[in-house]
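# Summary of structural features
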Amino acid sequence: MTEVFDGIVVGGGIVGCACAYYLSERFPKVLLIEKGPVGGGSTAAGMGHVVVMDDSRAQFALTQYSQQLWNELFPQLEPSCEPRSTGTLWVAADEEEFSHVDGKRKLYESNGLRAEVLDTKAIREAEPHLREGLPGGLLIPGDSVIYPMTAAAWLLDQARLRGAKLLQGRAVVKMGQGKTTLDDGTTLDAHFVVNATGDRAQTLTPGLPITPRKGHLIITDRYPGYVRHQLVELGYLKSAHEMSNESVAFNAQPRATGQILLGSSRQFVGWDPGIDRNLIAKMVARATEYLPGIGSLSVIRTWVGFRATTPNSLPLIGSLQHDPATLVAAGHEGLGITTSLATGKLIADIASGVESKIDRNPFAVSVEVKS
Amino acid sequence: MPELDRFDVVVVGAGPAGLAAANAAAGFGARVALIDENELPGGQIYRASRGSISASVREVIEDLSKKSVVRFDGSTVFEAPSDGVLRLWGPRGTQDIGYRSLVLAVGGRELFLPFPGWTLPNAMGIGGLQALVKAGLDVREKRVVVAGTGPLLLAVGAYLLEHGARVPIILEQAPLKDLALFGAGLVRYPAKIGQGISLGRHIATRLRAGAWVERAEGSRAVESVTWRKGGKSFQTECDFLACAYGFVPNVELPQLLGCEIQDGFVKVDDQQLTSVKGVFCAGEPTGIGGVDLSQVEGRIAGLVAIGQDDQAEALFGKRESWKRFARSMDRAFALRHELMELSTPDTIVCRCEDVRAGDLVAWESSRTAKLQTRCGMGPCQGRICGPATQKLFGWTQGSVRPPLSPVPLSALGRPLDEIEN
Amino acid sequence: MTVRINGKEFEVSPGTSVAAALLNIGYSGFRRSETGESRGPVCGMGICLECRVQIGGVRHVRACMVTCQDHMEIETDA
Ligand SMILES: Cc1cc2nc3c(=O)[nH]c(=O)nc-3n(C[C@H](O)[C@H](O)[C@H](O)COP(=O)(O)OP(=O)(O)OC[C@H]3O[C@@H](n4cnc5c(N)ncnc54)[C@H](O)[C@@H]3O)c2cc1C
Ligand SMILES: Cc1cc2nc3c(=O)[nH]c(=O)nc-3n(C[C@H](O)[C@H](O)[C@H](O)COP(=O)(O)OP(=O)(O)OC[C@H]3O[C@@H](n4cnc5c(N)ncnc54)[C@H](O)[C@@H]3O)c2cc1C
Ligand code: FES
């Protein structure tokens, strides 16, 4: 059994599946290895907001590129992937926050994206359940929402239709120099191997600067129309960037089912899977500040997930300097559902030695990795 | 922040096991809390009827109020936020209560197996229909087909007749010879035999053993059922179908507390102690055994919870004999394989999300099925479809997360009470 | 004691649950399922969530777990 694969992708989260999707367009022999269910890691825990994020120029480019790719795929996606063009409504809590809205609008527009400033009246018309008297917000109509688990499975299904293979139920214990060792001792050969194991990527590629950052989510019963856009407080980026131990920001997503998915929290507590009730209480309080009536809605479940965080908040996408056969596609923090497709494209470009549509340098795995 | 109200013993569930536990513990002066989701205590079998407590437990409950038992009626334990603390949602909103010992007497629920038409209105559980009658449903002159398995079938058949329903047939899936065996087993248990006989006279003419519902038909609600016996199908018209296949334990709260689960039940030792320190479990969650076993288990748990180990030990023999009885019931009412093959691809399995049997065959576990089809993701969180898919596909059930049952978001909005030192 | 169901007044006897009251009046479907099927109570004990109705303006309330109160406003969806 000396089959040599063109490429092996380790990890069947949405990022690994997107890598397999684009790699299989260019290489006949692609194998994806997933130890558990496809899309069962962070992908199953996240919100599925496909959003162009302006926290840095590189992030903007990656998210915008990825959103274009999602838009291209939307017509083909299975209905179970629940693609919905909800847009994002960035909500200003006070005049101070509102004073930054126009600058944000200009930034989106200068990058060719639609953006619309809503005043106090317009924002209530757009979202009647928001608190009265909010100064306004910024509507980005191009953003959308998907259902991450089925979308990941769909990407992998397409890759398999093009000939990619799936090896499920086996964990990779070692990878490097084109060799991949499984937990049953088997070693597989490939021209390149992609580490797409999300918040666990540093176990297979020691030295990657990835830290898990825990997030809590709350989901309600069905209330169609209660919230119409993905609502995010303008303070969200501040909360996401603050490297403090704990932060909470208002984030409410209308699911295709009519349910409301409420975020968001960020905590550095390792991989502790427990639910922090006091943090949940803070999230509820935060949500109630913006949506005063939401307390009466029926909640059916709470859960946690882990974001793979990097020091500069950008994902690691590239090959190792000392081992070019090893590619990394990990560290997507709170944006991996959005940026999965662009990541897959970039990985496929690197593997086939072609230029990418966006600058790859900001994502390069430049840290010195000891092996 | 308010200080935590802490009890010596907290009992969750005010059915036979919980009442026995609360009574035993309070008998020795312990400060006891008794929590139940229903507006009045009694549990399933002694459920209050039209607003008044069942006669069978009235005395016990009056007794409790003379002792130091605080009742939390109409209160749902929806999470276990930290060691020694439970969180309730009830008439006073969200409340945290603390315990030194905890007795989980959370009971069981009916097992439903999907068949075509089982989602039609007026097709419900056996205990389900009985509970509704106790809550005021008028079944006079209504034609009710009772179907499924186990002693409840006969008990509810008789109950419905007493309440004026017409019960054309009672379908017991178990074959007759095993039922006869079960009857023989009853002789050894004097307390049970009375129950058995008084049922017998009412129902003998209506009972069909080795028979089961194949499907239910109707446009806006159930109008008839097609059932099978001896290789032939029959049709019977009805206004209600009461159909369930025995019980499954409510293990969600024990699971949330970290109690070890073995073969689907909460694992307990001789003293009804679970794998978690200070947490006892009694009644259906430890094994489906009926009211008498639940009571003696509850009593043992309540006694050990306050350190009366010797008193508890004196009850071990009694518990063993009820356990033998339970095992004979299990054998007599083992489910036939035909019941697992009733659904067609478009039969709904997950009622909350309308996931059909045909959508589920591709998946290897409840977790993948959940992620890809939403099976078990709805507001009942797999309470109904979980046990069904376990029987149908052998899937183990998924993880439990708070809230244990749906509560208003505001219920989660309260920070934890301060715990003194 | 009277309750209003979908805007109409009905007489109910005290101690009756909302679920039993609805069935007595002739509503067997309480809610619409995801694919539009009409559904009514199944478990009678708060577990299946099939009996959800709107009570006093609050949606998704389990009709089997609530006792009718005078002038209660109940709304079904099927
Ligand atoms: C609370 C929360 C909310 C979020 N909201 C959003 C949002 O709204 N929008 C957005 O774009 N992003 C969001 N995210 C981020 C997003 O979910 C993640 O960035 C994304 O899912 C990462 O995907 P992944 O494929 O890298 O990782 P994962 O989904 O974790 O996949 C990694 C896979 O690798 C497998 N694996 C690991 N080790 C091995 C091994 N040794 N061998 C074989 N397989 C292995 C795992 O089983 C897993 O399936 C959110 C995240 C969280 C936690
Ligand atoms: C957009 C979106 C919408 C959602 N909507 C709903 C919804 O409507 N209803 C709903 O219920 N859920 C919903 N979810 C939640 C989601 O499907 C899962 O429940 C989520 O992945 C996490 O849930 P959980 O942590 O409760 O665990 P689950 O996904 O239920 O299970 C966790 C699994 O991890 C395993 N595990 C945990 N720790 C370990 C360990 N240390 N070692 C080995 N195995 C371990 C467990 O055995 C278990 O199988 C939604 C998710 C998303 C992304
Ligand atoms: S009938 Fe099942 S919850 Fe009410």
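Residues numbered from 1 in each chain as written. Chains lettered and ligands numbered in written order. Predicted model: local features only at pLDDT ≥ 70, side-chain atom pairs only at ≥ 80, totals over all residues. Heavy atoms only, no water.

### Observations regarding the interface of chain C and chain B
Worth spelling out the cut-off: When checking whether two residues touch, look at their non-hydrogen atoms; a contact exists if any pair is within 4.5 Å. The buried area of a pairing is the accessible area, by a 1.4 Å probe, that goes missing from both parts when the two are put together, added over both. Basic side-chain nitrogens of Lys or Arg form a salt bridge, by our definition, when they fall within 4 Å of a carboxyl oxygen of Asp or Glu. Contacts described as polar in this section are N or O atom pairs within 3.5 Å, which, within protein, must combine one atom able to donate a hydrogen with one able to accept it, while residues neighboring in sequence count only if both atoms come from side chains. Counting from the N terminus, the helices are DSSP H or I runs at least four residues long and the strands are E runs at least two residues long. Amino acids are sorted into nonpolar (Ala, Val, Leu, Ile, Met, Phe, Trp, Tyr, Cys and Pro), charged (Asp, Glu, Lys and Arg) and polar (every other residue, Gly among them).
Contact residues are listed per partner, giving 32 residues for chain C and 37 residues for chain B. With both chains or domains summed, chain C and chain B bury close to 2600 Å², and 54% of this area falls on carbon and sulfur atoms. Among the residues chain C hides against chain B, the three largest losses belong to Val42, Met45 and Ile47 of chain C. Together they make up 22% of the total. Applying the counting criterion to the chain C and chain B interface returns three salt bridges. With a closest N to O distance of 2.8 Å, Arg39 of chain C and Asp354 of chain B form a salt bridge. Where chain C packs against chain B, one counts 14 residue pairs in polar contact (both at pLDDT 80 or more). Of all elements in the fold, only helix H1 (18-25) and strand S4 (38-39) of chain C reach the threshold of two or more residues within the side of chain C that touches chain B. Top contributing element to the side of chain C that touches chain B by residue count: H1 of chain C, with four residues. In terms of residue class, the side of chain C that touches chain B is built from twelve nonpolar, 13 polar and seven charged.

### So, the pairing of strand S10 (residues 179-182) of chain A
Residues and elements named next belong to chain A. How we decide: In short, DSSP must find at least two bridges between two strands for them to pair.
Pairing between strand S9 (residues 172-176) and S10: four bridges, direction antiparallel. If you follow Gly176 over to S10, its bridge partner there is Lys179. Connecting S9 to the next strand, S10, in antiparallel fashion are two residues, including Gln177 with a positive phi near 50°. Direction of pairing for S10 relative to strand S11 (residues 187-195): antiparallel, over a ladder of three bridges. Each residue of the ladder has a partner; that of Thr180, found in S11, is Leu188.

### Overview of the pattern of salt bridges
Applicable threshold: We call a residue buried when its accessible area falls under 20% of the maximum for its residue type, exposed when it is over 50%, and partly exposed in between, using a 1.4 Å probe and counting protein chains only.
Following the criterion strictly, the structure yields 48 salt bridges over all chains and no others. Between Lys104 of chain A and Asp54 of chain A there is a salt bridge whose closest N-O contact spans 3.1 Å. Of this pair, Lys104 of chain A sits in helix H5 (residues 101-110) while Asp54 of chain A sits in the loop between strand S3 (49-50) and helix H3 (57-73), and the two are 50 residues apart along the sequence. The residues Lys104 of chain A and Asp54 of chain A share a single accessibility class, namely buried. With its nearest N and O atoms 3.8 Å apart, the salt bridge here joins Glu252 of chain B to Arg383 of chain B. In this pair, Glu252 of chain B is assigned in helix H7 (residues 252-256) and Arg383 of chain B in the loop between helix H12 (366-373) and helix H13 (385-393), connecting sequence segments 131 residues apart. With relative accessibility at 12%, the residue Arg383 of chain B sits in the buried group. Through salt bridges with shared partners, a single ionic network connects Arg351 and Asp354 of chain B together with Arg31, Glu37, Arg39 and Glu50 of chain C.

### Some thoughts on the confidence of the model for chain B
Defined as follows: Per residue, pLDDT measures the predictor's confidence, with a range of 0 to 100.
Mean pLDDT over chain B works out to 92, with 93% of the residues at or above the 70 mark. The model gives residues 187-194 of chain B a pLDDT under 50, and that stretch makes 13 contacts with residues more than four places away or in other chains.

### Topic: the nonpolar core
Nonpolar side chains in soluble globular proteins tend to be buried together. Defined as follows: Here the nonpolar core consists of buried residues drawn from Ala, Val, Leu, Ile, Met, Phe, Trp, Tyr and Cys, with membership extended through side-chain atoms lying within 4.5 Å. For the domains described, the bounds stem from an automatic or database domain assignment.
Leu129, Leu137, Leu160 and Leu241 of chain B together with Val18 and Ile74 of chain C are the most contacted members of the largest nonpolar core, which totals 88 residues. Sorting elements by how many residues they give to this core places H1 of chain C first, with six residues. Each of domain 2 (112-245) and domain 3 (343-421) of chain B accounts for three or more of the residues forming this core. In this structure, Leu137 of chain B is in contact with Arg50, Leu129, Leu132 and Phe240 of chain B together with Ala20, Leu23 and Asn24 of chain C, ignoring residues within four places of it in sequence.

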